[in-house]
Amino acid sequence: MDTPNRREFLLTGSAVVVGLSGCLGFDADDDAPDEVAGSDASDTPESLQSDDANSETAAESDGDTDDPDTQENTDQTESQQTESPELPRELHWGRAGAEHMALNCPDDSYWKWVLSPGGSEPIEDATLTVHFEDEPTITDLAGTVRDQGSVHFDAVQRAGTVTDASVSFSGGGDDPTLTLSHSGCVPEPSYVPELVYWQVDFGPGSAPPDPPLYGGNDLDLMAALGNSIDGITENPSAGPREGNGQLDDVHIVDERFSFDDEDEPTAVTVEFEIESGGEPRDLHLATFAMPGPFAMAELELQERRSLVSRTFEGGDHGQLTAPIPQPD
């Protein structure tokens, strides 16, 4: 693969990804450790209306012309302006993920950004501008629109320190968030890893609710969080950890999931025991791909990737295993 342009690196393929499902069972006002800073509505300027004049030709002719070159140039200008409309919304980076700002790599470096939609409406299109200390500004960097409604960007250039960023976009909900999710050195040949955010849910019934909100079950759920770069980030995730990590009359072994690989998991297993005399019950294990770091507002945008379920009897010692979402 050739070395990417330092001002623009387009991520290939589609992914999951990326703010988490909300399967933790909290109300929207509850604490959610994986939500990123800088997502307050006050950080989001009011939507800007596109100027219709931008779609018009910059110069108008006072009369008809028979010069074919002049007419061709005019047509080309109109075409370019029509194909590149001004995006109606703008968001300034609130320093979410600021710990990834500085890099000092021997070759190129990458900064992976995620624009989360902040609601049930997906992002439709977006471009990113990133400012650096002592390095050129990257402008109008196109992102990859993900199935889960977010947009991912890969800013690639020499080693440097991010100082500021902003994004222009269309679509999305009321509380979009721009996060500097990861950064690192680009190996040879030049390659930037894809980023997939995932969640695992274990709960009652043969399938999760749709949307997967477990709040009505009083935290009778265990969940885990992670992504394709960091691996497992929470096991279990905060909600069940603040409770007892148990389903009613179902005791989860070690009160956590087990994974085939802690750094690059491809499968997850939950092992449990049901109390003797318990009623037969259906239990399920499901995995989801998400737009980005956990955000309750993006619950409806998560995508279920796998589901396994079985009926268990009182006194059973059971387990369920499911695959972890992977980059395409």
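Not measured: the values here are computed from a predicted model.

The rules we used
- All residue numbers refer to position in the chain's written sequence, counted from 1.
- Note on the predicted model: pLDDT of at least 70 is required for a residue's local features to be given, and 80 or more for side-chain atom pairs to be given and counted; whole-chain, interface and lining totals, by contrast, use all residues.
- As a rule here, side-chain values come from all non-hydrogen atoms in the structure, and water together with hydrogens is ignored.
- Two strands pair under a simple rule: DSSP has to find at least two bridges between them.
- Secondary structure elements are taken from DSSP: a helix is a run of H or I of four residues or more, a strand is a run of E of two residues or more, and numbering for both begins at the N terminus.
- Only protein chains enter the calculation, and the probe is 1.4 Å; a residue is then buried if its accessible area is under 20% of its type maximum, exposed if over 50%, and partly exposed in between.
- Pairs of cysteine sulfur atoms within 2.5 Å are what we label disulfides.
- What makes a nonpolar core is a set of buried Ala, Val, Leu, Ile, Met, Phe, Trp, Tyr and Cys residues whose side-chain atoms join them at distances within 4.5 Å.
- Whether two residues are in contact is decided by their heavy atoms: any pair within 4.5 Å suffices.
- What pLDDT expresses is the predictor's confidence in each residue, scored from 0 to 100.
- Angular values range over 0 to 180 degrees, each being the angle between N-to-C directions of two axes fitted as lines to C-alpha atoms, with helices fitted over their stretch in contact.
- The pairing test for Phe, Tyr and Trp rings, Trp by its six-membered ring, is centres within 6.5 Å, and the orientation test on the planes gives stacked under 30 degrees, edge-to-face over 60, and tilted for anything in between.
- Distance thresholds for patches are 9 Å for like charges and 5 Å for nonpolar side chains (Val, Leu, Ile, Met, Phe, Trp, Tyr), applied to residues having over 30% relative accessible area and no salt bridge.
- We get accessible surface area from the Shrake-Rupley algorithm with a probe of 1.4 Å; when it comes to residues, only the shown protein chains can shield them.
- Salt bridge, as used here: a side-chain nitrogen of Lys or Arg that lies within 4 Å of a carboxyl oxygen of Asp or Glu.
- When charges are counted, neither His nor the chain ends are considered; positive counts come from Lys and Arg and negative counts from Asp and Glu.
- To locate a charge, take atom NZ for lysine, CZ for arginine, CG for aspartate or CD for glutamate.

A few points about the pairing of strand S7 (residues 161-171)
With four bridges connecting them, strand S1 (residues 89-92) and S7 associate as antiparallel partners. The partner of Leu91 across the bridge, within S7, is Val167. Relative to S7, strand S3 (residues 123-133) runs antiparallel, the two being bridged by ten bridges. For Glu133, the partnering residue across the bridge sits in S7 and is Thr161.

Here we look at the pairing of strand S17 (residues 317-323)
Put simply, side chains in a regular strand alternate between the two faces of the sheet. Only one face of S17 is covered, namely the face carrying Gly318, Leu320 and Ala322; the face carrying His317, Gln319, Thr321 and Pro323 is uncovered. Looking at chain direction, strand S14 (residues 267-274) and S17 are connected through seven bridges and run antiparallel. In the strand pairing of S17, Val268 is matched with Ala322.

Notes on the state of the cysteines
Per the counting criterion, the structure on display carries one disulfide. Each disulfide pairs two cysteine sulfurs, and for Cys105 the partner residue is Cys185, the sulfurs being separated by 2.0 Å. Taking the sign of the S-S torsion, about -85° here, the bridge from Cys105 to Cys185 comes out left-handed. Taken together, the residues span a long stretch of sequence, with Cys105 in the loop between S1 and strand S2 (109-116) and Cys185 in strand S8 (residues 177-185) at a distance of 80 residues.

Here we look at the nonpolar core
Ranked by internal contacts, the top residues of the largest apolar core, which has 25 residues, are Trp93, Trp113, Leu115, Leu128, Phe153, Val167 and Leu178. With residues near it in sequence (within four places) discarded, Trp93 still touches Ala98, Met101, Trp113, Val162, Asp164, Ala165, Ser166, Leu178 and Leu180. Core analysis: the next-biggest nonpolar cluster, separate from the first, contains 20 residues, Phe202, Ala224, Ile252 and Ile274 among them.

A closer look at the confidence of the model for the protein chain
This prediction gives the protein chain a mean pLDDT of 76; 70% of its residues lie at or above 70. When pLDDT is averaged over each element of the protein chain, strand S13 (residues 258-259) comes out on top at 98 and helix H1 (residues 68-83) at the bottom at 38. Taken as a whole, residues 1-84 scores under 50 in pLDDT and shows 180 contacts with residues more than four places along the chain or in a different chain.

Thoughts on the sheet that holds strand S15 (residues 281-290)
Taken in spatial order, the five strands of this open sheet run S11-S10-S9-S15-S16, and their pairing is antiparallel. Where the open sheet ends on each side, the last strands, each with one partner, are strand S11 (231-234) and strand S16 (303-312). Strand-to-strand twist across the sheet, computed as the mean angle between neighbouring axes with direction ignored, equals 20°. Sheet topology places strand S9 (residues 197-204) next to S15; eight bridges connect them, and they run antiparallel. What sits directly across from Val200, in S15, is Thr287.

Points about the packing of aromatic side chains
Describing an aromatic ring pair means giving the distance of the ring centres and the angle of the ring planes. Taken as a whole and judged by the stated rule, the model has five aromatic pairs. Look at Trp198 and Phe259: their rings are 5.8 Å apart centre to centre, the planes differ by 45°, and that puts the pair in the tilted class. Taken together, the residues span a long stretch of sequence, with Trp198 in strand S9 and Phe259 in strand S13 at a distance of 61 residues. This pair shows no difference in class: Trp198 is buried, exactly as Phe259 is. The structure contains a cluster of three or more aromatic residues connected by ring pairs, namely Phe202, Phe272 and Phe312.

Some thoughts on a negative patch on the surface
Among the surface-exposed residues, Asp260, Asp261, Glu262, Asp263 and Glu264 lie close enough to one another that they form a single negatively charged patch. Looking at the element boundaries, Asp260 is found in the loop between S13 and S14.

Considering the sheet that holds S2
One open sheet accounts for four strands, arranged S5-S6-S2-S8; its pairing is antiparallel. With partners counted over all chains shown, the strands left at the sheet margins are strand S5 (144-145) and S8, one partner each. Looking at chain direction, S5 and strand S6 (residues 151-157) are connected through two bridges and run antiparallel. Its bridge partner lying in S6, Val145 is registered against Val151.

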